[in-house]
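Given next are the chains, with one letter for each unit.
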Amino acid sequence: MNTMKLILGTRTCSLWLAFVLVLAAVAIFATNTIVAAAAAPPAVVKRGDPPDLVLYNGKISTVDVKDSTVDAIAIRDGKILAAGRNGTILALAKQETQVIDLHGRRVLPGLIDGHLHGIRMGSYFCFSRSPRFDPIFTRSEAIANVALKASQTPAGKWLFQIGGGWHVQQLDVPGMLTKAELDSAAPNHPVYLQGTGFTGGQVNTKGLQALGLDPNGNGQLTGANNTLAIQTIGTELGTLTLDEQDGCTVDFIRELNRRGLTGWDDPGGNNPFSPTGVPDPVIVGSHGYQAINRLHREGRLNARVRFSFSCFGNVIGMPCVQTNTANALSGIGDDLLRIGGVGEEVLNLTNNIYADPEYAEILNFLAQNEWSFEHHATAAVTQEAMVRSWEKVNATYPIIDLGWRMLHPGGGPTAPSADTLERLRALGAGIVPTDSNAKSGGPADHPPYRRIYDSRTPACLGTDALNVSPYPPFLNLWYVISGKTTVPGVEGVVPEQRLTRAEALRFATERCGWFIDLEGRVGSLEPDNYADLVVLSKDYFAVPEDEIRRPTSVLTLVGGRIGYAGAEYAGLDQPRSD
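Source: prediction; values computed, not measured. (Residues numbered from 1 in each chain as written. Predicted model: local features only at pLDDT ≥ 70, side-chain atom pairs only at ≥ 80, totals over all residues. Heavy atoms only, no water.)

Caption draft 1: Representation of the confidence of the model for the protein. Summary statistics for the protein give a mean pLDDT of 90 and a share of 89% for residues scoring 70 or more. Ranking the elements of the protein by mean pLDDT puts helix H1 (residues 14-30) last with 38 and strand E7 (residues 106-109) first with 99. Across residues 1-37, confidence stays below pLDDT 50; counting only partners more than four residues off in sequence or on other chains, it has 57 contacts. (pLDDT = per-residue confidence, 0-100. Helix = DSSP H or I, 4+ residues; strand = E, 2+ residues; numbered from the N terminus. Contact = heavy atoms within 4.5 Å.)

What follows is the structure, encoded as structure tokens:
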């Protein structure tokens, strides 16, 4: 019997298929255990051309209206052809169909992040040179990650971790990595690390030497020395060629695919290495969006990205908005890469308010020209004033079909209120709660996830990564389910605002299609939807609660193409060619 077992990536043949159908029929009567989901519905089978790909023998969470789980799924032309029981779906396969055994693994729709600063990972945040600790919880793994990045980077080039995507207390041996540990991990590279719970930046001996500082110091930089380090790294990153930025972007998207993410809304981004000391929009004076545009143009983009143009620091206000919209149109693009609109920033706050008359001028300009808009509103007073301003512009230039959205509200469990959410819904606007407090924040700082989820206002979980927040999507799900933070013993989400596993999953899949302009076409594994899915290393519905943050994908599909393959599927990765 072993000689008849399917080899991954091979084509079916009629004799083998007949044999598999017999086995599948036996398997159906033998067991049909389903975890945390409704029984599988009958497959909706569409006749015509055979599927390009069949995945079978899995626990596939469709995230349809019944939260159904099925055994198998058939894919044709990048979309779901049918989903159902093994025998029914395998019967659709022909000789040219690729058939993959899921070995009982859990399959989910590809996760979507409603607020991720990803495009800048190709330029001034070059992911290839950044030993991120967001998903790491042991000191040995953190040191090993620095060593890995060093092995992949030319000697003498800076390795860096900018921002607080992790907390120094999340490691099993707490605290920032020491100068000696960094020297051991990267003896031939200057290294600079930041982290929540640590003041300034930490460098190794090579870093001190590169900055012209005393190499005998402990490596902790504050004040002018810390500014010098940031500016020095920025100068080096400013020399990255477009080919190098291409590589940084590819590495980042591959990591997202490995973590289970297949799409995100990108609210622009800033350059923290600006020589002025004031963060500027990443597109200013750098390649910015060119790298991801090249991937898309050449058929190498393995994620769905909706992006906006933002204004930061010294480049702010109505002049910036007019410049960003002068030669672009909201909604232009396709289902892989699309211009969303303007935001997340267009104006600096004054006493937690975006002040008129300039804010009103900006809103009227965007609405009149039918631009989508997304804007940061953390404090409760900012949220209330923002909704009031949006209602006012809507009375003159309707925004109900423009997809405006409020980003990462704060205010703890009390804000946004039910009234604010209802007013957003009436405007056709959405909201994105993010997890910046997952790494340390107390229960007074998180968004009211339960209230937002139950409100039926368009909403999608986001991270606000990579800079201030951890990027792994399953860590975000774990945070809103467990209420815990990455710092042991520090509570995050109060019990009444937490979600179940099924709800949190829907909040990162089916509810998120609206936020990348693909509502009803991604986020659930139903016929005619795009085949964006992830096959997990661990069963999201079966692992203990504290393990929810750890699953990765061993097989990630975007539009039916394999963008990432690991474990038993290693080698099946397919570069995009459409």
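Caption draft 2: Main features of the nonpolar core. In terms of nonpolar packing, the biggest core is built from 102 residues, with Trp264, Trp390, Trp404, Leu477 and Tyr540 touching the most fellow members. At seven residues, helix H14 (residues 473-482) tops the list of elements feeding residues into this core. When sequence neighbours within four positions are dropped, the list of residues in contact with Tyr540 reads Arg106, Leu108, Phe474, Leu477, Ile481, Arg501, Ala504, Leu505 and Ile548. Listed in part, the 22 residues of the second largest apolar core include Ile60, Val70, Ile73 and Tyr569. (Core = buried A, V, L, I, M, F, W, Y, C linked by side-chain atoms within 4.5 Å. Buried < 20%, exposed > 50% of the residue type's maximum accessible area, 1.4 Å probe, protein only.)

Caption draft 3: Representation of the packing of aromatic side chains. Following the criterion strictly, the structure yields 18 aromatic pairs and no others. The interplanar angle of 85° and the centroid separation of 5.9 Å between the aromatic rings of Phe160 and Phe273 together place this pair among those described as edge-to-face. Of this pair, Phe160 sits in strand E9 (residues 159-161) while Phe273 is found in the loop between strand E14 (270-271) and strand E15 (280-281), placing the two residues 113 residues apart along the sequence. Of the residues examined, Phe160 reaches a relative accessible area of 1% and is grouped as buried. When the centroid spacing of 5.8 Å and the interplanar angle of 80° are considered together, the rings of Tyr289 and Phe309 count as edge-to-face. Of this pair, Tyr289 sits in the loop between E15 and helix H8 (290-297) while Phe309 sits in strand E16 (residues 304-309), placing them 20 residues apart in sequence. (Phe/Tyr/Trp six-rings, centres within 6.5 Å; stacked < 30°, edge-to-face > 60°.)

Caption draft 4: Local environment of the packing of helix H9 (residues 318-325) against helix H10 (residues 358-368). Two numbers describe how H9 lies on H10: the axes approach to 10 Å, and their chain directions differ by 15°. Between H9 and H10, the angle is such that the two are roughly parallel. Note on packing geometry: the crossing formed by H9 with H10 is right-handed. Residues Met318, Pro319, Val321, Gln322 and Thr325 of H9 form the contact with H10, whose own contacting residues are Glu358, Glu361, Ile362, Phe365 and Leu366. Of the residues belonging to the contact of H9 with H10, the class tally is six nonpolar, two polar and two charged. (Axes fitted to C-alpha atoms, helices over the stretch in contact; angles between N-to-C directions. Parallel < 35°, antiparallel > 145°, perpendicular 65-115°, else oblique. Left-handed = near helix turned anticlockwise from the far one by under 90°. Nonpolar A, V, L, I, M, F, W, Y, C, P; charged D, E, K, R; others polar.)

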